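Chain by chain, the residues run as shown.
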Amino acid sequence: MRLPNLNGVRAFECAARHLNFRLAADELNLTQGAVAQQVRKLEGSLGQKLFVRKARGLELTERGELFAKAVHQALGLISTATEQLMPASRSVVLSVPPSFASMWLMPRLAEFEARYPDIDLQVLASEKTADFDGDGVDLVVRQAAPPFAAGLKSVLLAPLNLVAVASPAYLQTAPPANAMEDFRAHRLLEDGHRHWLRLLGTDEVAGPAARVSRFNQTALAIGAARAGRGVAIAPRALIEPEIESGELKVVWRDETKSPAGFYAVGLIRPGHAIRDRNRLASWLSEQFGVEWN
């Protein structure tokens, strides 16, 4: 078999995906100079120019583009073969916001475990930005909006679809709310995203009877609404069961179109143990009627 230096091949494949030595270096945990040197050595051993170096990045030559496609497929096959030799059970770490974990994920975990008993799923409830390498996270779900960083694969699970909800008991004695300004006469409940603040355009809601109660988690604001404490605002995906059961009534819905929503995000890179990660991502996507391609 006639094989080039495999370190150079991996550096080339990564640089070809990013068309940038610096981004490739970040992914491979190398210096930019080391990646460039490995690619130069590969080009020398092949006797072919694979890249055209430009001021703002790289451009594949015609032969470099053909080589990149073949190398990407080859590394993918090696990755798949390696994963097939791994123990049947491995840990997959999913990082999700705390309220998404308690309100959406927990009621569905039994279904995932029944379908994939060989996957040891570890759930990390956190709002902070995930470090895929440093935190050992395989997949994250975040309330966010694109674009995402290079080298990441993402899929929109559900749009934000904000709704304001309250308990039937609260609504029996509450004043009507036919417009956004009418909510100033209500006790308003919100989480750390401060949607009421954004919608009403002021930090302090005017009016002697108006008050805003803030909670650090959506689940707490929704719990207060169920208890009849006021009108909470939250993404519909988190409270669909309460709405369908009638435990909470929708008194307002956001009709504006926005790219914000719940996204599943993971790394793209050959050699990363992604089979079980993709099974988890596909299951998550399936719950929302979308596909993880």
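Residues numbered from 1 in each chain as written. Predicted model: local features only at pLDDT ≥ 70, side-chain atom pairs only at ≥ 80, totals over all residues. Heavy atoms only, no water.

Caption draft 1: Main features of the packing of aromatic side chains. Across all of its chains, the model carries eleven aromatic pairs by this definition. A centroid spacing of 5.4 Å and a plane angle of 50° characterise the contact between Phe12 and Phe51, whose relative ring orientation is tilted. In this pair, Phe12 sits in helix 1 (residues 6–18) while Phe51 sits in strand 1 (residues 51–54), placing the two residues 39 residues apart along the sequence. Three or more aromatic residues link up through ring pairs in this structure, and these residues are Phe100, Trp104, Phe112, Tyr116, Phe262, Trp283 and Phe288. Geometry around Trp292 places Lys153 over its ring, the cationic atom sitting 4.7 Å from the centre. (Phe/Tyr/Trp six-rings, centres within 6.5 Å; stacked < 30°, edge-to-face > 60°. Helix = DSSP H or I, 4+ residues; strand = E, 2+ residues; numbered from the N terminus. Lys NZ or Arg CZ within 6 Å of the ring centre and 35° of its normal.)

Caption draft 2: Just helix 1, in detail. If you check helix 1, its first and last C-alpha atoms are 19 Å apart, about what 13 residues at 1.5 Å a residue would give, namely 18 Å. Those residues of helix 1 not exposed but buried are Gly8, Val9, Ala11, Phe12, Glu13, Cys14, Ala15, Ala16 and His18. The N-cap of helix 1, judged by a side-chain oxygen 2.9 Å from the amide nitrogen of Asn7 a few residues on, is Asn5. In the stretch just after helix 1, Leu19 is the one whose phi turns positive, near 50°. (Expected span 1.5 Å × (residues − 1). Buried < 20%, exposed > 50% of the residue type's maximum accessible area, 1.4 Å probe, protein only. Polar contact = N/O pair within 3.5 Å; in protein donor to acceptor, adjacent residues only side chain to side chain.)

Caption draft 3: Here's a closer look at the pairing of strand 2 (residues 57–60). Pairing of strand 1 with strand 2 involves four bridges; the strand directions are antiparallel. Across the sheet, residue Val52 finds its bridge partner in strand 2, namely Glu59. (Pairing = 2+ DSSP bridges.)

Caption draft 4: Expanded view of the sheet that holds strand 7 (residues 162–166). Strand order in the open sheet made by the five strands is 9-8-10-7-11, with mixed pairing throughout. Edge positions in the open sheet fall to strand 9 (211–214) and strand 11 (249–253), since each of these has one partner strand only. Averaged over all pairs of adjacent strands, the angle between their axes in this sheet comes to 30°, without regard to strand direction. Bridge count between strand 7 and strand 10 (residues 231–235): four bridges; the pairing is antiparallel. When the sheet's bridge partners are listed, Val163 is paired in strand 10 with Ala234. Taken strand by strand, helix 9 (residues 218–226) contacts strand 7, strand 8 (187–190) and strand 10, and its axis lies near 140° from that of strand 10. (Axes fitted to C-alpha atoms, helices over the stretch in contact; angles between N-to-C directions. Contact = heavy atoms within 4.5 Å.)

Caption draft 5: Representation of the pattern of salt bridges. Taken as a whole and judged by the stated rule, the model has 15 salt bridges. Between Arg22 and Asp26 there is a salt bridge, with the nearest N and O atoms lying 3.6 Å from each other. Taken together, the positions of Arg22 and Asp26, both in helix 2 (residues 21–28) and four residues apart, correspond to about one turn of that helix. Arg214 is the salt-bridge partner of Glu190, the closest N and O atoms lying 2.3 Å from each other. Within this pair, whereas Glu190 is found in strand 8, its partner Arg214 is found in strand 9, the two being separated by 24 residues in sequence. The exposure class assigned to Glu190 is buried, which follows from its relative accessible area of 0%. Residues joined by salt bridges that share partners form a network here, namely Asp118, Arg275, Asp276 and Arg279. (Salt bridge = Lys/Arg side-chain N within 4 Å of Asp/Glu carboxyl O.)

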